[in-house]
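Spelled out, the chains give:
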Amino acid sequence: DYVTTLGKPVASRYADGLFPQYKRAQDGSVYNLTAKKELILHFVDCLIGAIELYQQRMEWLTSESRQIFGVIQEQCIVIVLDFGSVAPAEFDLCRDALSMVLVEQVIQISRFNLIR
């Protein structure tokens, strides 16, 4: 790597075993980790925070009406309802799912139509 104090790139073949090493899977090159423990712990904290944000986002994306209908992003939608041969118990489930998506997502949309 390039060392600014020396002003040139150097290869640390002499340091085998002195530093923790990281081997890239893509090309097999090996890098010596010379960061201080505090810096590495800071990166660990940042990564843990990012993972927690992704987990919260995934929980939100797979909860309530988004689990059934996905996330509605459009500002104008049409929902087509076909209850022709649905049993009463299934109709109740469909009605509950429809009311859930209407309350949670469709309420924020500019225009929508329901076609039965």
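Predicted model, so just to flag it, every value in this text is computed and none were measured. Sequence order as written defines residue numbering, which begins from 1 separately in each chain. Note on the predicted model: pLDDT of at least 70 is required for a residue's local features to be given, and 80 or more for side-chain atom pairs to be given and counted; whole-chain, interface and lining totals, by contrast, use all residues. Hydrogens and water are ignored here; the side-chain numbers use all heavy atoms of the structure.

**Q** Got a minute to help me understand the overall build of the protein in this structure?
**A** Each helix is a run of DSSP H or I of at least 4 residues and each strand a run of E of at least 2, with the numbering of both proceeding from the N terminus. A count of helical and extended segments in the protein gives three helices and six strands. Mapped in sequence order, the helices and strands of the protein form the string β-β-β-β-α-α-β-α-β. Against the compact-globule benchmark of 13 Å for 116 residues, the protein has a radius of gyration of 27 Å, which places it well outside the compact range. Along the three orthogonal principal directions, the C-alpha set of the protein runs to about 75 × 30 × 30 Å. Only protein chains enter the accessibility calculation, which uses a 1.4 Å probe; a residue is then buried when its area is under 20% of its type maximum, exposed when over 50%, and partly exposed in between. Every one of the 116 residues in the protein was classed for burial, and the buried ones make up 11%. Residue contacts are defined here by distance: any two heavy atoms, one from each residue, within 4.5 Å place the two residues in contact. Taking the intrachain contacts of the protein between residues at least 6 apart in sequence as the baseline, contacts between residues at least 24 apart amount to 53%. Here the protein carries 11 positive and 14 negative side-chain charges, and the mean point of each set is 11 Å from the other. A radius of gyration in this sense is built from C-alpha atoms; the matching globule rule multiplies 2.2 Å by the number of residues raised to 0.38. Within this scheme the basic residues Lys and Arg register as positive and the acidic residues Asp and Glu register as negative, but His and the chain ends are omitted. Charged side chains are reduced to one point each, which is NZ for Lys, CZ for Arg, CG for Asp and CD for Glu.

**Q** What is the right way to look at the nonpolar core in this model?
**A** Note that soluble globular proteins tend to have their nonpolar side chains buried in a common cluster. Listed in full, the eight residues of the largest apolar core are Ile77, Ile79, Leu81, Phe83, Leu98, Val101, Val106 and Ile109. For this core, the elements supplying multiple residues, two or more each, are β5 (76–80) and α3 (88–104). Each residue touching leucine 81, except ones within four places of it in the same chain, is listed here: Leu98, Ile115 and Arg116. What is meant by a nonpolar core is a set of buried Ala, Val, Leu, Ile, Met, Phe, Trp, Tyr and Cys residues, joined one to another through side-chain atoms within 4.5 Å.

**Q** Explain the pairing of strand β6 (residues 111–115) to me, please; I cannot follow it from the model alone.
**A** It is a general feature of regular strands that their side chains alternate between the two faces of the sheet. A pair of strands counts as paired when DSSP detects no fewer than two bridges linking them. With five bridges joining them, β5 and β6 adopt parallel strand pairing. Opposite isoleucine 77, over in β6, you have phenylalanine 112 as the bridge partner. In terms of handedness, the path from β5 via α3 over to β6 forms a crossover that is right-handed. Orient the strands so they point away from the viewer; a crossover is then right-handed if the path from the first strand over the helix to the second runs clockwise.

**Q** What is the right way to read the side chain of serine 65 from this model?
**A** Here serine 65 lies in helix α2 (residues 64–69). Polar contacts, as used here, are pairs of N or O atoms within 3.5 Å; protein pairs need one atom able to donate a hydrogen and one able to accept it. Residues neighboring in sequence count only if both atoms are side-chain atoms. Within the structure, serine 65 has its side chain in polar contact with the side chain of glutamate 104 (distance 2.7 Å). If we ignore the near neighbours within four places in the chain, the residues touching serine 65 are Gly70, Met100, Val101, Glu104 and Gln105.

**Q** Mind showing me how you'd approach the domain arrangement of the protein here?
**A** Where interface size is quoted, it is often the accessible area lost as the parts come together. Either an automatic procedure or a domain database provided the assignment from which the domain bounds are taken. Considered domain by domain, the protein is made up of domain 1 (2–32) and domain 2 (37–114). Each of domain 1 and domain 2 has a C-alpha centre, and these two points are 46 Å apart.

**Q** Explain the packing of aromatic side chains to me, please; I cannot follow it from the model alone.
**A** Ring pairs (aromatic) are described by centroid distance and by the angle formed between their planes. In summary, the pairing rule links any two rings of Phe, Tyr or Trp, Trp by its six-membered ring, whose centres are within 6.5 Å, and it sorts them by plane angle into stacked for under 30 degrees, edge-to-face for over 60 and tilted for everything else. The final tally for this structure, using the stated rule, is one aromatic pair. The interplanar angle of 85° and the centroid separation of 5.0 Å between the aromatic rings of phenylalanine 83 and phenylalanine 91 together place this pair among those described as edge-to-face. The class of phenylalanine 91 is partly exposed, set by a relative accessible area of 28%.

**Q** Please clarify how the environment of isoleucine 77 should be interpreted in this entry.
**A** Position of isoleucine 77 among the secondary structure elements: in strand β5. Along the primary structure isoleucine 77 and lysine 37 are separated by 40 residues, whereas in three dimensions their C-alpha atoms are 53 Å apart. Not counting residues up to four positions away in its chain, the partners in contact with isoleucine 77 are Ile72, Val106, Ile109, Arg111, Phe112 and Asn113.

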